[in-house]
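Geometric and topological summary
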Amino acid sequence: MKWCTHCVEGFCTDCEKSHRSLKLTRDHKVIAIEDYLKIQDVSFDLTCKIHGKKLDLFCKFHSVAICGVCVPSAHKTCQVDDIISIDDVAENAKSSAALKELEISISRTLEHVRHCIENRLSASEKIDIEEQMIKNTILQTKLKLIKHLDALEEKILLKLRRKIENYMLKYSKFLKKLEVMEKEFEKLEEQTQQMKLFASDLQVFLGTCQMNNITMGKIKTLKAEIGREQNYTIEMKLNSMVSSLMNKVKHFGEIHIIESNADLQLKDAMIDQAQIQVRWSVRNIHDINLQLKMKFDLQPQSLVTGCFIMSNGRILIADFSRSGKLIEYDDTGKSVVILQTSSKPYDLTEIDTDRIAVTYPFANLIEILNIQKNTIEKKIGCKQSCFGISYHNGRLFTVVKERGIVILDTHGTRLQTIKIDTMYVCVITATEDKLYYTVQDQQTVNCCNFEGEIIWIFKNESLNLMAGLTVDNNQNVYVLSHGSYNLTLIQHDGKQSKEVLNVSDDLSSPTAVCYNKNRNLILLCYTSNKVALYQVS
């Protein structure tokens, strides 16, 4: 009649009373068996797959649930304070940011799948309309040449029908795939809601982690399916000799199917910014040009190590000189606000229109600031100096000395650490599925996934004392060289590059760079206390 989510066991009415009467088990969450049946298909493991023991610990360094046997066998090098009780980390899992983002990811993906279904149905209707137009053309010609063209009409209609059926079959197959995916995401959505309502915090925590992997895998499959879909335009080229040379005409016309990329996009399935983008074509970097839009002097004198163009067009500058401060400028270059900071700010990134995250390497600290209210919303301590920082889809990515690239949520919970040699790494940028960082002594720009696996490495001797890097909408990388006085554009796959700005463009000792994806703007800061804004075209 009842189910204990803690013991993972069912009880009759009498046993449930005994279960509640025991001091050891009276706090266990007991739900109706009907409610348990709603979550029994939700995918989460409560036992270690390697040792078969209960998952009762959590390694913060590796961001993984473990059992007691895992500690000496696979986590003996982890620090003592990295191994904590899973009950502590799973507390309030139902209200966690990870669960909320999973719900939004599933919901938005489901919404976009339905949009794709509507798009394909519309494309099918368009084919029907075009087919009817061709039939009308055929019919009009047929009326003038009825006796001689009866046989030809039958032949051309048969050919038309076969081609239509062939390509309509392709649409039908793709629609069926989308409908299957729709049902899968509906099931995930329902399971997530039921898990949130009836599962324990531990189950929600593990279910969130495991269902997130399942969801991302399905999204990846969906992207691949959409990327292969084509639009077809049906045409008929009427034989020009039909009306004048009917006795010599051997065929009525020709049916052509014109293929073009379907105008479909699977947009952001996660919160805040677009995480998943389907790009049908990638612009050649050699066609990209920069035009100077504005240049102004910084007031007061500043040592700029980080800069950012906010969504509202405002410019934020991190001044690393003296006691440190943040300076906000409007889109005309006029200083608006000077924010005093608790230490010298090194780098900054936008979380939303009101909030930013700032690193303070001398204080081993990250702060989340509300720049509208001029308040500190959150302080996140780091074990060593933190330098470059980037935000994407609810996660902060920062370079921490002797640790690597640390991934956090906005509450300060460490989600993952990617171990790299940070001695020569200071700047970092994150996109929906990749991380980019510079390695000074090797003169390289490295691209890796969120597991730390290298995707590509770009090396060039002109990358001397790299001061910053940023990424555009097509994941092309702009890297700024303080020592070589240039701005290099690297193609999204790391195979090609070109110098877009150099010393002839008055690029003297540049120190920071930022790309605004909404407005296609490049912001550059210089040691000479100047700021330049370029339009990318």
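Heads up: these notes are all about the structure in this document. Small disclaimer: the values here were computed from a predicted structure and weren't measured.

Comments concerning the pattern of salt bridges
According to the stated counting rule, one finds 23 salt bridges in the structure shown. For Arg355, the salt bridge is made with Glu377, and the minimal N-O distance between the two is 3.7 Å. Of this pair, Arg355 sits in strand E15 (residues 355-360) while Glu377 sits in strand E17 (residues 375-381), and the two are 22 residues apart along the sequence. In this structure Glu377 comes out as partly exposed when scored by relative accessible area, which is 42%. Beyond isolated ion pairs, a larger network of salt bridges with shared partners links Asp81, Asp82, Lys383 and Arg414.

Concerning unusual backbone geometry
Not every positive phi belongs to a glycine, and Gln443 is a case in point at roughly 55°. Following the sequence through the fold, Gln443 ends up in the loop between strand E23 (435-439) and strand E24 (444-448). With phi around 55°, Leu465 is a residue other than glycine that occupies positive phi space. Of note, Leu465 is situated in the loop between strand E25 (454-459) and strand E26 (466-471). With relative accessibility at 48%, the residue Leu465 sits in the partly exposed group.

Overview of the sheet that holds strand E30 (residues 510-516)
Pairing in this open sheet of 4 strands is antiparallel, and the strands run E9-E32-E31-E30 from one edge to the other. A strand with exactly one partner marks an edge of an open sheet, and here the two such strands are strand E9 (290-297) and E30. Averaged over all pairs of adjacent strands, the angle between their axes in this sheet comes to 20°, without regard to strand direction. With 6 bridges joining them, E30 and strand E31 (residues 521-526) adopt antiparallel strand pairing. Of the residues in E31, the one forming a bridge with Ala512 is Cys525.

Observations regarding the sheet that holds strand E3 (residues 30-32)
In a beta sheet, neighbouring strands pair by backbone hydrogen bonds and run either parallel or antiparallel. The 3 strands are arranged E2-E1-E3 in an open sheet whose pairing can be described as antiparallel. This sheet does not close on itself; its edge strands, each paired only once, are strand E2 (9-11) and E3. Strand-to-strand, the axes of this sheet are offset by a mean angle of 35°, without reference to chain direction. Against the sheet, helix H1 (residues 13-21) touches strand E1 (2-4), E2 and E3, its axis set at about 115° to E2.

Quick look at the packing of aromatic side chains
Using the criterion set out here, one finds 8 aromatic pairs in the structure. For the pair Phe320 and Tyr346, a centre-to-centre distance of 5.9 Å together with 90° between the ring planes defines the contact as edge-to-face. Of this pair, Phe320 sits in the loop between strand E11 (315-319) and strand E12 (325-329) while Tyr346 sits in the loop between strand E13 (335-340) and strand E14 (347-350), and the two are 26 residues apart along the sequence. Residues Phe320 and Tyr346 agree in their burial class; the two are buried. A network of ring pairs unites the aromatic residues Phe320, Tyr346, Phe362 and Phe387 as a single cluster.

So, how was this worked out
- Residues numbered from 1 in each chain as written.
- Predicted model: local features only at pLDDT ≥ 70, side-chain atom pairs only at ≥ 80, totals over all residues.
- Heavy atoms only, no water.
- Salt bridge = Lys/Arg side-chain N within 4 Å of Asp/Glu carboxyl O.
- Helix = DSSP H or I, 4+ residues; strand = E, 2+ residues; numbered from the N terminus.
- Buried < 20%, exposed > 50% of the residue type's maximum accessible area, 1.4 Å probe, protein only.
- Pairing = 2+ DSSP bridges.
- Axes fitted to C-alpha atoms, helices over the stretch in contact; angles between N-to-C directions.
- Contact = heavy atoms within 4.5 Å.
- Phe/Tyr/Trp six-rings, centres within 6.5 Å; stacked < 30°, edge-to-face > 60°.

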